[in-house]
Amino acid sequence: KINYGARADFFMNRNAFKFDLLTLFLYLALALMGWMTIYAVSSTSGGTDPFDLNYNHGRQFLWIGISLVAAMVIMSLDNRFLEAVSYLFYGGAIALLLLVLIFGKEVNGAKSWLIIGGFQFQPSELAKTATAMALAKYMSKLNFSLSNPKDSIIAGLIIVVPALIIILQNDTGSALVFGSFMIVFFREGQHPVIPIFLILVAVVALLSLWLEQAWIVVGIVFGLSVISFLVLFDRKKIISLLLIHLVAFAFFSTLAFSTQFLVSKLQPHQQIRLKVLFNPEIDPSGSGYNVIQSKIAIGSGGIMGKGFLDGNYTKYKFVPKQVTDFIFCTIGEELGWIGSTFVLLLFFGLILRLRFIAENSKTRYARIYGYSVISILFFHVLINVGMTVGLVPVIGIPLPFFSYGGSSLLSFTILIAILVNLFSYRSTVLGAKY
């Protein structure tokens, strides 16, 4: 029997808990592969000391060590303590985000960095973890229901507040990550019509930048017709369905015709990023350059790749920001299709394992937090890999465990360590099968 009251006994009884070794193994595999990939980018000859702190790979290895220490500390804490400080942690993260607006350092047009003791730190990365904890804390409270408008609004504000502050920092990419929490709402019983509606809005808006508006309207009419006659058709409700479809047609048609106007109000660099999504050749030496070079680098790797440290595009730095946002093209060039697939399978395996942990956790807090981690990780991988191959706009978010940066690595480590900690207590909860 575990004595929660005595801290001295806590460490003595820690072997009674069961850490999920598969999750920890997948995490370490991804972190070490990420370090090796950064080494491939920052060491052109391969003769550089892997632990030299004057290079990116040396500093990244240091951050791996710091992250592992942080993970061990987190996994040694009482799970009830982590849940209890959720709101406090969230409040601290919001305070840091506000401090960035006043004292932050601007990098690449975004004022999102704080300098503490000579180290640069990005509070928006920490805010993702804090938001996941606060959302899990609120949504796990007694009598919470997404059908209750008050509960839904407050849960939504927990997500929206940090996202809006990050937008004020001109870091739209990081702010968009908070939209991934819709997966959590869907898992907890939110009607699927809301996420489907949001996806349709995004699809129609993007297609409006590529196709003539008339073709968009034809597509809307066809889509609504299919929904009407194959999915929702009911003679008894024909009038209601007709009204709903007329409203939907009016909304999406207006969206199709107004998207170009709304885009014209964005910053010039944001406009060109959207336009080069469908045609990078519009600005081949500017915003389209990264994507063009990234696709060439990935394609040049072929099936087997050129070999570790033998990538010409990587060696001669043809792709800007290759050590951060576009690091996946190094994997594609040096390890080829097989290596890229292996990396993606590792991510897929980690996400599946996190889903298993979330579904088999014995508290609602752990389940909701688990799906929050899944949402953040899935969004980062999907968008980062998608932008390196030209499928989504370049919004500048890192590939977890691979992109160079201490803030990102530490943030994802903390995310996973907290979930592993929560799951390790499953055998102490009433009704556990372990």
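Just so it is clear, the model here is predicted, and its values are computed rather than measured.

## Observations regarding the environment of R426
The residue R426 is located in the segment after α18 (406-424) in this model. Each C-alpha atom, one on R426 and one on N360, is 8.4 Å from the other, the two residues being 66 residues apart in sequence.

## Quick notes on the sheet that holds strand β2 (residues 110-116)
Reading across the sheet, the three strands line up as β1-β2-β3 and stay open at both edges, with antiparallel pairing between neighbours. Edge positions in the sheet fall to β1 (105-107) and β3 (119-121), since each has one partner strand and no second. On average, each strand axis in the sheet is tilted by 45 degrees relative to the strand beside it, whichever way the strands run.

## Details of the pattern of salt bridges
Working definition: two side chains of opposite charge can pair if their charged atoms are close together. A complete count under the given rule lists eight salt bridges for this structure. The shortest N-O distance in the salt bridge between R80 and D78 comes to 3.6 Å. A relative accessible area of 48% places R80 in the partly exposed class. On the accessibility criterion, D78 (7% relative accessible area) is buried. Of the charged contacts in the structure, one is a salt bridge between E125 and K128, with a shortest N-O distance of 3.1 Å. Residue E125 and its partner K128 are located together in helix α6 (residues 123-139), separated by three residues, close to a single helical turn. Judged on exposure class, the residue E125 and its partner K128 are both buried. Put simply, E188, R364 and R367 are held in one network by salt bridges that share partners.

## Re α6
Given a rise of 1.5 Å per residue, 17 residues ought to cover 24 Å, and the 24 Å separating the end C-alpha atoms of α6 matches this to within 8%. Counting buried positions along α6 gives 16 out of 17 residues, so the element sits mostly inside the fold.

## Examining the packing of aromatic side chains
For the structure on display, the rule yields twelve aromatic pairs. Judged by centre distance (5.5 Å) and plane angle (80 degrees), the rings of Y27 and F401 are edge-to-face. Note that Y27 is positioned in helix α2 (residues 21-42) and F401 in the loop between α17 (364-388) and α18, a separation of 374 residues in sequence. The two residues Y27 and F401 agree in class, both being buried. Through successive ring pairs, a cluster of aromatic residues spans Y27, F347, F401, F402 and F412.

## Re the pairing of β2
As defined by bridge partners, β1 adjoins β2 across three bridges and the pair is classed as antiparallel. Within β2, the position partnered with K105 by the bridge is W113.

## Side note on the side chain of E125
Looking at E125, the relative accessible area reads 2%, which means it is buried. Among the polar contacts listed, one links the side chain of E125 to the side chain of K128, at a separation of 3.1 Å. With residues near it in sequence (within four places) discarded, E125 still touches P398, S407, S408 and S411.

## Re the environment of W63
Along the chain, W63 falls in helix α3 (residues 56-75). Sequence separation between W63 and G406 is 343 residues; the distance between their C-alpha atoms is 5.5 Å. Excluding its chain neighbours within four sequence positions, the residues that come into contact with W63 are F119, G406, L409 and L410.

## Some remarks on the confidence of the model for the protein
When pLDDT is averaged along the protein, the result is 82, and 82% of the positions lie at 70 or above. In this model, residues 1-16 is a region of pLDDT below 50 whose contacts with residues beyond four sequence positions or in other chains number 25 contacts.

## Side note on the nonpolar core
Core analysis: the largest hydrophobic core is formed by 91 residues, its most contacted members being L135, Y369, F401 and F402. Among the elements that take part in this core, α17 stands out by supplying 14 residues, more than any other. If we skip the residues at most four places from it in the chain, L135 touches A155, I158, I159, F181, V184, F185, I368 and S372. By size, the runner-up hydrophobic cluster in this structure holds six residues, among which are V204, I220, F252 and A256.

## Side note on the packing of α17 against α18
The geometry of α17 relative to α18 is characterised by a closest axis approach of 10 Å and an angle of 150 degrees between their N-to-C directions. What the angle tells us is that α17 and α18 run roughly antiparallel. With respect to the hand of their crossing, α17 and α18 are arranged in left-handed fashion. Here Y365, A366, Y369, G370, V373, I376, L377 and H380 of α17 come into contact with α18, specifically with F412, I414, L415, I416, I418, L419 and L422. Grouping the amino acids of the contact of α17 with α18 by side-chain chemistry returns 13 nonpolar, two polar and no charged.

## Quick notes on unusual backbone geometry
With phi around 70 degrees, L309 is a residue other than glycine that occupies positive phi space. Within the fold, L309 resides in the loop between α14 (287-300) and α15 (312-315). Phi is positive for F401, which is not a glycine, with a value near 70 degrees.

## A few points about the environment of V394
Among the secondary structure elements, V394 is positioned in the loop between α17 and α18. On a C-alpha basis, the gap between V394 and N290 in space is 8.9 Å, while along the polypeptide they are 104 residues apart.

## Points about helix α7 (residues 149-168)
Helical periodicity: at 3.6 residues per turn, an α-helix aligns residues three or four positions apart in one direction. Helix length check: α7 (20 residues) gives 27 Å between terminal C-alpha atoms against 28 Å at 1.5 Å per residue, within 8%. Taking the largest bend as the criterion, α7 deviates by roughly 30 degrees, centred on I158, and proline P162 comes between one and four positions later. Here α7 has its buried residues at D151, S152, A155, I158, I159, P162, A163, I165 and I166. Along its buried surface, α7 packs onto α5 (86-103), α6, α8 (172-177) and α9 (182-187). One side-chain oxygen of the residue at the start of α7 lies 3.0 Å from the amide nitrogen of K150, identifying that residue as N148. Two residues or fewer past α7, N170 is found with a positive phi of approximately 65 degrees.

The rules behind the values
- Residues numbered from 1 in each chain as written.
- Predicted model: local features only at pLDDT ≥ 70, side-chain atom pairs only at ≥ 80, totals over all residues.
- Heavy atoms only, no water.
- Helix = DSSP H or I, 4+ residues; strand = E, 2+ residues; numbered from the N terminus.
- Pairing = 2+ DSSP bridges.
- Axes fitted to C-alpha atoms, helices over the stretch in contact; angles between N-to-C directions.
- Salt bridge = Lys/Arg side-chain N within 4 Å of Asp/Glu carboxyl O.
- Buried < 20%, exposed > 50% of the residue type's maximum accessible area, 1.4 Å probe, protein only.
- Expected span 1.5 Å × (residues − 1).
- Phe/Tyr/Trp six-rings, centres within 6.5 Å; stacked < 30°, edge-to-face > 60°.
- Polar contact = N/O pair within 3.5 Å; in protein donor to acceptor, adjacent residues only side chain to side chain.
- Contact = heavy atoms within 4.5 Å.
- pLDDT = per-residue confidence, 0-100.
- Core = buried A, V, L, I, M, F, W, Y, C linked by side-chain atoms within 4.5 Å.
- Parallel < 35°, antiparallel > 145°, perpendicular 65-115°, else oblique.
- Left-handed = near helix turned anticlockwise from the far one by under 90°.
- Nonpolar A, V, L, I, M, F, W, Y, C, P; charged D, E, K, R; others polar.
- Bend = angle between axes of the 7 residues up to and from the residue.

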